[in-house]
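So you can see what is in the structure, the chains are spelled out below.
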Amino acid sequence: MEEKQPSFIHKISRIISDFFNPLISLVIFFIYMSIKNYSLHNSLLYFVPILLMIILPIIIWIVWNVKTGRYTNMDVSNRRQRKSLYFFIAACVISYLLFNYFENGYIDFVMLFILILLFAMQISNYFIKSSMHTAFNIFVAALFFAMDTGMGLLWLGIAILVGITRIILKRHTPKEVLMGAGIAFVVSFLYLYCNIQFQH
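About the criteria used
- Residues numbered from 1 in each chain as written.
- Predicted model: local features only at pLDDT ≥ 70, side-chain atom pairs only at ≥ 80, totals over all residues.
- Heavy atoms only, no water.
- Core = buried A, V, L, I, M, F, W, Y, C linked by side-chain atoms within 4.5 Å.
- Buried < 20%, exposed > 50% of the residue type's maximum accessible area, 1.4 Å probe, protein only.
- Helix = DSSP H or I, 4+ residues; strand = E, 2+ residues; numbered from the N terminus.
- Contact = heavy atoms within 4.5 Å.
- Axes fitted to C-alpha atoms, helices over the stretch in contact; angles between N-to-C directions.
- Parallel < 35°, antiparallel > 145°, perpendicular 65-115°, else oblique.
- Nonpolar A, V, L, I, M, F, W, Y, C, P; charged D, E, K, R; others polar.
- Salt bridge = Lys/Arg side-chain N within 4 Å of Asp/Glu carboxyl O.
- Phe/Tyr/Trp six-rings, centres within 6.5 Å; stacked < 30°, edge-to-face > 60°.
- Expected span 1.5 Å × (residues − 1).

Draft legend 1. Structural view of the nonpolar core. Counting 50 residues, the largest nonpolar core has Phe29, Phe30, Val93, Met111, Ile114 and Phe139 as the members making the most contacts within it. Those elements that place two or more of their residues in this core are α2 (22-37), α3 (40-67), α4 (79-104), α5 (109-125), α6 (132-147), α7 (149-168) and α8 (174-199). The element that contributes the greatest number of residues to this core is α6, accounting for nine residues. For phenylalanine 30, the contacting residues outside a window of four places in its chain are Tyr46, Phe47, Ile50, Val110, Met111 and Ile114.

Below is the structure:
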């Protein structure tokens, strides 16, 4: 029997979902923020530790666990498998927060709220497999919104699109996507509120 080929919508959904995964979305934000706020030298000083202490270790961790069979796929779709992923990401973020505090004398506000979002997602994961793709893209929209309203609204549209692709690809149910969105909206609201307060 001939294997059924994925539909056009399925293929497009796969491309959107793969491209706007949480890591790539965050990297795009950090590059945008670096270009907008810092010189090239200061951008590298800010971004390189994030790359070496958070982004690369997470990529290596996921690839290694997929290759050894501990994770089913790169999305880490299995709810039980996600527990170790959340703990590993949190450990990377905490390590970076401590490094940045002792090196530069301040707490990285963006990374602190990424950690809060991770903890909220981890707690949710004990009850429902919330969509990490949706949650992180909504939070990235809030990060953009704090800097540029237009970019924030654009990324919110991308986040909604990503949530729809997760349902089309059957990676999540509508309930799981809505749960991820709900958690992200709460954390994003707190981030934007605190961001406004600290600016005054």
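And the narrative resumes.
Draft legend 2. Fine view of the packing of α2 against α6. Viewed as axis vectors pointing N to C, α2 and α6 meet at an angle of 10°, and their least axial separation amounts to 9 Å. Classed by the angle they form, the pair α2 and α6 counts as roughly parallel. Residue-level contacts link Pro22, Ser25, Leu26, Ile28, Phe29, Tyr32, Met33, Lys36 and Asn37 of α2 to Met132, His133, Phe136, Asn137, Val140, Leu143, Phe144 and Met147 of α6. Across the contact of α2 with α6, the residue classes break down as 12 nonpolar, four polar and one charged.

Draft legend 3. Quick look at the environment of asparagine 37. On the secondary structure map, asparagine 37 appears in helix α2. Separated by 155 residues in sequence, asparagine 37 and leucine 192 have C-alpha atoms that sit 18 Å apart.

Draft legend 4. Examining the pattern of salt bridges more closely. Taken as a whole and judged by the stated rule, the model has two salt bridges. Linking arginine 14 and aspartate 18 is a salt bridge whose minimum nitrogen-to-oxygen distance equals 3.3 Å. Of this pair, arginine 14 and aspartate 18 both sit in helix α1 (residues 8-19), four residues apart, which is roughly one turn of that helix. Of the residues examined, aspartate 18 reaches a relative accessible area of 36% and is grouped as partly exposed. Across the pair aspartate 148 and lysine 36 runs a salt bridge, and its minimum N-O distance is 3.8 Å. Here aspartate 148 is found in the loop between α6 and α7, whereas its partner lysine 36 is found in helix α2, with 112 residues between them in sequence.

Draft legend 5. Representation of the packing of aromatic side chains. Under the criterion given, the structure shown has 15 aromatic pairs. Ring geometry for phenylalanine 113 and tyrosine 191: centres 5.5 Å apart, planes at 75°, overall edge-to-face. Within this pair, whereas phenylalanine 113 is found in helix α5, its partner tyrosine 191 is found in helix α8, the two being separated by 78 residues in sequence. Geometrically, the ring pair formed by phenylalanine 144 and tryptophan 155 is tilted, given 5.1 Å between the ring centres and 35° between the ring planes. Taken together, the residues span a long stretch of sequence, with phenylalanine 144 in helix α6 and tryptophan 155 in helix α7 at a distance of 11 residues. Accessibility assignment for this pair places phenylalanine 144 and tryptophan 155 in one class, buried. Of the aromatic side chains, those joined through ring pairs into one cluster are Phe19, Phe20, Phe29, Phe30, Tyr32, Tyr38, Tyr46, Phe144 and Trp155.

Draft legend 6. Highlighting unusual backbone geometry. If you check the backbone angles, lysine 170 has positive phi at about 60° while not being a glycine. Locating lysine 170 in the fold gives a position in the loop between α7 and α8. With a relative accessible area of 72%, lysine 170 lands in the exposed category.

Draft legend 7. Examining α5 more closely. Over its 17 residues, α5 runs 24 Å from end to end, which matches the ideal 24 Å to within 8%, given 1.5 Å per residue. Within the span of α5, buried status applies to Val110, Met111, Phe113, Ile114, Leu115, Leu117, Leu118, Met121, Gln122, Ser124 and Asn125.

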